[in-house]
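# Remarks on the overall topology
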Protein chains: 2
Amino acid sequence: MAKQIRLAQRVVAESDRLADELVQRFRKARVFVANLMSSPGSGKTSLLEETARRLGKELRMAVIEGDLATDRDAQRIQRAGIPSCQINTGGGCHLSARQILDALERFNLADLDVLFIENVGNLVCPAEFDLGEHRRVVLASTPEGDDKPVKYPIAFHKADCVVLNKIDLLAATDFSREAFLKYVKGLNPKVPVLELSCRTGEGVDQWLDWVRAQRKAAAKGPMKSRK
Amino acid sequence: MAKQIRLAQRVVAESDRLADELVQRFRKARVFVANLMSSPGSGKTSLLEETARRLGKELRMAVIEGDLATDRDAQRIQRAGIPSCQINTGGGCHLSARQILDALERFNLADLDVLFIENVGNLVCPAEFDLGEHRRVVLASTPEGDDKPVKYPIAFHKADCVVLNKIDLLAATDFSREAFLKYVKGLNPKVPVLELSCRTGEGVDQWLDWVRAQRKAAAKGPMKSRK
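Since the model is a prediction, treat every value here as computed from it, not as a measurement.

On to a positive patch on the surface, then. Together, A:Lys3, A:Arg6, A:Arg10, B:Lys3, B:Arg6 and B:Arg10 make up a region of like positive charge exposed at the surface. Looking at the element boundaries, A:Lys3 is found in helix 1 (residues 2-29).

Structure, rendered in structure tokens:
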């Protein structure tokens, strides 16, 4: 068991070293980087499609897509008008710093204002892995139920921004907005919670404003240290 | 790296040994065991609540609940009238055979007809771990989108039964039933797909019939080997 622990420690140390390398790369290029996490189907790709369509002329953006299989999401992003590259993890349950470093070969970072990383759909494992991002965005959606923050506390505790998607389905579900906000604030008192619907477009403006503000901060120089 | 691989092989071998021990325990007790997997919020607990309410007088059932945190799901099941026990994994992304063996201490297996294991909400990692179950049930729900089978192929490929929940929300989403069924059948041609809504009760009868049939087969003796 001691051997297993030592090996695990070595793997973690290597992963942290690569994440630090990413931090330096992003800082040098003055590109704002957000790592998006959620359950499968909460609407990460839909939010990025909306962002591409609405901010694509104002900011130079790109997306790294993480999925077990298929390049469907990268294709959706490209159709929305911005560059994207797909990482297929095989069975892998999260993106690693190594995979992001390899994907960067396919972008000229200096030509970008914003880089989004769409992690594998999984509310557990991605929360444990630092990808050198400035901000972590956790999405939830109303049909998933209002108790997800307390049931998946690590992701919500570490979030810099929580997006509640599919508010157009509120009336059709048993979701309690009040309960959800209470659970989020209990784990992460200061985190902004942006309520929106990628389907109707309601509330998406707040998200665009959040991206603009974060990007401005990153362009000015080193941002406040990540969690 | 060779050392890491050898250690990983040893861990997998131990996990398989414990799963085999579970197979023997379940076989001896003639209890039918189903392992339920899905994304967070697809409706695993809701389906088990409905099952408890509708089958609780006909079959002796119990539920082992897996969650990172809280005992909310175990409480919901108990309120629906059947015994349950909660496993909290801390940060763990799936249930292990070791955890199930420990949980069995809290039931008298010989007094049960059916044992449900509700895995951690995660469409990736639980698919890799054998818990000695007779059948694997994978749930999806319409608001998650119709492309989930191709994006999370391992879980759907290994499923013995696919439940499509929240069909009451079909009209409010962009979900294509035809696309979903095509994707599932492409990965797993013979798997039954049960379309239902735990909220309205529509289609739940087919699920109860499936449970009854599986339980009958398990009571008769060894079932066809698992995938």
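Let's shift gears to the sheet that holds strand 2 (residues 61-67) of chain B. Strands pair in a sheet through their backbones, by hydrogen bonds, and they do so in one of two ways: parallel or antiparallel. Residues and elements named next belong to chain B. Ordered in space as 3-2-4-1-5-6-7, the seven strands form an open sheet in which the pairing is parallel. Strands with a single pairing partner mark the edges of an open sheet, and in this sheet they are strand 3 (84-88) and strand 7 (193-195). Across the sheet, the axes of successive neighbouring strands diverge by a mean angle of 20°, strand direction being ignored. Helix-sheet contacts for helix 7 (residues 177-187) involve strand 5 (135-141), strand 6 (161-165) and strand 7, and the interaxial angle to strand 7 is about 155°.

To continue, consider the relation of the copies chain B and chain A. After a rotation of 180° and a shift along the axis of 0.0 Å, chain B superposes on chain A with an RMSD of 0.0 Å. Both chain copies can therefore be described as sitting about a two-fold axis. Taken as a fraction of all interface residues of chain B, those also at the interface in chain A reach 100%, which identifies the copy contact as same-surface.

Moving on, we come to the interface of chain B and chain A. In this complex, chain B contributes 40 residues to the contact, which on the side of chain A involves 40 residues. Taken together, the two surfaces of chain B and chain A that pack against each other cover about 3,200 Å², and 58% of this comes from carbon and sulfur. It is B:Pro40, B:Arg72 and B:Lys151 in chain B that bury the most area against chain A; as a group they hold 18% of the surface buried on that side. Taken together, the connections running from chain B to chain A amount to eight salt bridges. Between the two partners, chain B and chain A, sit 14 residue pairs in polar contact (both at pLDDT 80 or more). When residues of the side of chain B that touches chain A are traced back to their parent elements, those giving at least two are helix 1 (2-29), helix 3 (72-79), helix 5 (148-151) and helix 6 (153-158) of chain B. With four residues, the single largest contributor to the side of chain B that touches chain A is helix 1 of chain B. Its residues assigned to classes, the side of chain B that touches chain A comprises 19 nonpolar, nine polar and twelve charged.

Rules of the game
- Residues numbered from 1 in each chain as written.
- Chains lettered and ligands numbered in written order.
- Predicted model: local features only at pLDDT ≥ 70, side-chain atom pairs only at ≥ 80, totals over all residues.
- Heavy atoms only, no water.
- Patch = residues over 30% accessible without salt bridge, like charges linked within 9 Å, V, L, I, M, F, W, Y side chains within 5 Å.
- Areas by Shrake-Rupley, 256 points an atom, 1.4 Å probe, with all protein chains shown as cover.
- Salt bridge = Lys/Arg side-chain N within 4 Å of Asp/Glu carboxyl O.
- Lys, Arg positive; Asp, Glu negative; His and termini not counted.
- Charge placed at Lys NZ, Arg CZ, Asp CG, Glu CD.
- Helix = DSSP H or I, 4+ residues; strand = E, 2+ residues; numbered from the N terminus.
- Pairing = 2+ DSSP bridges.
- Axes fitted to C-alpha atoms, helices over the stretch in contact; angles between N-to-C directions.
- Contact = heavy atoms within 4.5 Å.
- Least-squares fit on C-alpha atoms with pLDDT ≥ 70 in both.
- Buried area = accessible area lost by both parts, 1.4 Å probe.
- Polar contact = N/O pair within 3.5 Å; in protein donor to acceptor, adjacent residues only side chain to side chain.
- Nonpolar A, V, L, I, M, F, W, Y, C, P; charged D, E, K, R; others polar.

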